[in-house]
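Next come the chains, spelled out residue by residue.
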Amino acid sequence: MTKERLDKIEEQIVLEQRTVDYDTKDYTIEFINQKYLKDIDKEKNEIFVPEY
């Protein structure tokens with residue numbers, strides 16, 4: 001790669017930078033199981049896994 005191309009890439013990286021905040025939580029299997037089974041008869045027992 002040429003120096004010019006690398007400079008353009010670096011510039012694009014600097015322009016596209018952003019801060020990402022996140023929060024993590026640890027749940028026990030028992031908690032997840034209770035949450036899932038809570039409304040199983042109403043079919044409201046979904047587990048959502050976000051895309052990263």
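Residues numbered from 1 in each chain as written. Predicted model: local features only at pLDDT ≥ 70, side-chain atom pairs only at ≥ 80, totals over all residues. Heavy atoms only, no water.

Along the backbone of the protein there are 2 helices and 0 strands. The C-alpha atoms of the protein give 22 Å as radius of gyration, which overshoots the globular expectation for 52 residues (10 Å, by more than 25%). Considered along the principal axes of its C-alpha atoms, the protein spans approximately 60 × 20 × 20 Å. Burial analysis of the protein (52 residues in total) assigns 4% to the buried set. With the model as given, the accessible surface of the protein reaches about 6,100 Å², and the carbon-plus-sulfur share is 51%. With 9 positive and 14 negative side-chain charges, the protein shows a separation of 3 Å between the mean positions of the two kinds. (Helix = DSSP H or I, 4+ residues; strand = E, 2+ residues; numbered from the N terminus. Rg over C-alpha atoms; globule rule 2.2 N^0.38 Å. Buried < 20%, exposed > 50% of the residue type's maximum accessible area, 1.4 Å probe, protein only. Areas by Shrake-Rupley, 256 points an atom, 1.4 Å probe, with all protein chains shown as cover. Lys, Arg positive; Asp, Glu negative; His and termini not counted. Charge placed at Lys NZ, Arg CZ, Asp CG, Glu CD.)

With that settled, consider the packing of aromatic side chains. Applying the stated rule across the entire model yields 1 aromatic pair. Taking the centre distance of 4.9 Å and the plane angle of 10° together, the rings of Y27 and F31 count as stacked. (Phe/Tyr/Trp six-rings, centres within 6.5 Å; stacked < 30°, edge-to-face > 60°.)

There is a patch of nonpolar side chains on the surface, built from Y27, I29, F31, I32, Y36, L37, I40, I47 and V49 and spanning about 890 Å² of accessible area. Tracing the backbone through its elements, the reader meets I29 in helix α2 (residues 29-38). (Patch = residues over 30% accessible without salt bridge, like charges linked within 9 Å, V, L, I, M, F, W, Y side chains within 5 Å. Salt bridge = Lys/Arg side-chain N within 4 Å of Asp/Glu carboxyl O.)

For the rest of this paragraph, the subject is the pattern of salt bridges. Here the structure, examined in full by the defined rule, presents 2 salt bridges. Where K3 meets D7, a salt bridge forms, and the shortest distance between an N and an O atom there is 3.1 Å. Residue K3 and its partner D7 are both found in helix α1 (residues 3-16); the two are separated by 4 residues, about one turn of the helix. Judged by relative accessible area, K3 falls into the exposed class, the value being 62%. Across the pair K25 and D23 runs a salt bridge whose closest N-O atoms are separated by 3.3 Å. Grouping residues by exposure puts K25 and D23 together as exposed.

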